[in-house]
Amino acid sequence: QVQLVESGGGLVQTGGSLRLSCAASGSIFSIYTMGWYRQAPGKQRELVATFTSDGRTNDAESVKGRFTISRSENTVYLQMNSLKPEDTAIYYCYVEAKDSLTYITKTYWGQGTQVTVSS
């Protein structure tokens, strides 16, 4: 079993910055992908950014140039700059990992952290 604990959300003004963190632990054999999704009220969950095992990153067009994803061992970060009200959402980290006990690859989700950007 793999557990994800995320933190760093909060309330900021338009143009402000936040840094989200997500630490993976547990029976991890290997990690293939880590990243972030977000879900705003009344909207579907959307992919924000990903960090693959080969170091490749991908950002959604809506956050490109403002958000930066990075990774250190089993922790993934999301640096969010120039925040806009439309960035308001619950942000969920995820990891695609092979479990060291079952050797099954699954996607695991964090508990979510609220990001609110005031106008």
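Structural data are supplied above this passage.
In this report, we go over the structure that sits alongside the text. Just so you know, these numbers come straight off a predicted model, no measurement behind them. (Residues numbered from 1 in each chain as written. Predicted model: local features only at pLDDT ≥ 70, side-chain atom pairs only at ≥ 80, totals over all residues. Heavy atoms only, no water.)

1. Some remarks on the overall build of the protein
Part 1 of the argument: Per the secondary structure count, the protein includes zero helices and eleven strands.
Part 2 of the argument: Along the protein, helices and strands appear, N-terminal first, in the series β-β-β-β-β-β-β-β-β-β-β.
Part 3 of the argument: Against the 2.2 N^0.38 benchmark of 14 Å for 119 residues, the protein shows a C-alpha radius of gyration of 14 Å, consistent with a compact globule.
Part 4 of the argument: Over its C-alpha atoms, taken along the principal directions, the protein stretches across nearly 45 × 25 × 20 Å.
Part 5 of the argument: Looking at the 119 residues of the protein, the share that counts as buried comes to 40%.
Part 6 of the argument: Restricting the contact set of the protein to residue pairs at least 6 apart, pairs at least 24 apart contribute 58%.
Part 7 of the argument: Roughly 6,200 Å² of accessible area belongs to the protein as shown, and the carbon and sulfur atoms make up 48% of that amount.
Part 8 of the argument: One way to put it: in the protein the 11 positive side-chain charges average out to a point 2 Å from where the 10 negative ones average out. (Helix = DSSP H or I, 4+ residues; strand = E, 2+ residues; numbered from the N terminus. Rg over C-alpha atoms; globule rule 2.2 N^0.38 Å. Buried < 20%, exposed > 50% of the residue type's maximum accessible area, 1.4 Å probe, protein only. Contact = heavy atoms within 4.5 Å. Areas by Shrake-Rupley, 256 points an atom, 1.4 Å probe, with all protein chains shown as cover. Lys, Arg positive; Asp, Glu negative; His and termini not counted. Charge placed at Lys NZ, Arg CZ, Asp CG, Glu CD.)

2. Comments concerning the environment of Leu-18
Part 1 of the argument: The residue Leu-18 is located in strand β3 (residues 18-26) in this model.
Part 2 of the argument: Leu-18 sits in the buried class, given a relative accessible area of 13%.
Part 3 of the argument: The contacts of Leu-18, once residues within four sequence positions are left out, are Gly-8, Gly-9, Gly-10, Val-12, Leu-78, Gln-79, Met-80, Leu-83 and Val-115.

3. Some points on the state of the cysteines
Part 1 of the argument: Evaluation of the coordinates by the stated rule reveals one disulfide.
Part 2 of the argument: In this model, Cys-22 is linked to Cys-93 through a disulfide, with the two sulfur atoms separated by 2.0 Å. Sign of the S-S torsion, about 55 degrees for the bond between Cys-22 and Cys-93, identifies this disulfide as right-handed. Here Cys-93 lies in strand β9 (residues 89-99) and Cys-22 lies in strand β3, a separation of 71 residues in the sequence. For the pair Cys-22 and Cys-93, a shared accessibility class is recorded, and that class is buried. (Disulfide = S-S within 2.5 Å.)

4. Remarks on the nonpolar core
Considering soluble globular proteins, one finds that nonpolar side chains tend to be buried as a cluster.
Part 1 of the argument: Formed by 31 residues in total, the largest nonpolar core has its most connected members in Trp-36, Val-48, Phe-67, Leu-78, Met-80, Tyr-91 and Val-95.
Part 2 of the argument: Breaking this core down by element, the ones donating at least two residues are β1 (2-7), β3, β4 (28-39), β5 (46-52), β7 (67-72), β8 (75-80), β9 and β11 (113-118).
Part 3 of the argument: Setting aside residues up to four positions removed in sequence, Leu-78 forms contacts with Leu-18, Arg-19, Leu-20, Trp-36, Val-48, Ala-49, Phe-67, Thr-68, Ile-69 and Tyr-91. (Core = buried A, V, L, I, M, F, W, Y, C linked by side-chain atoms within 4.5 Å.)

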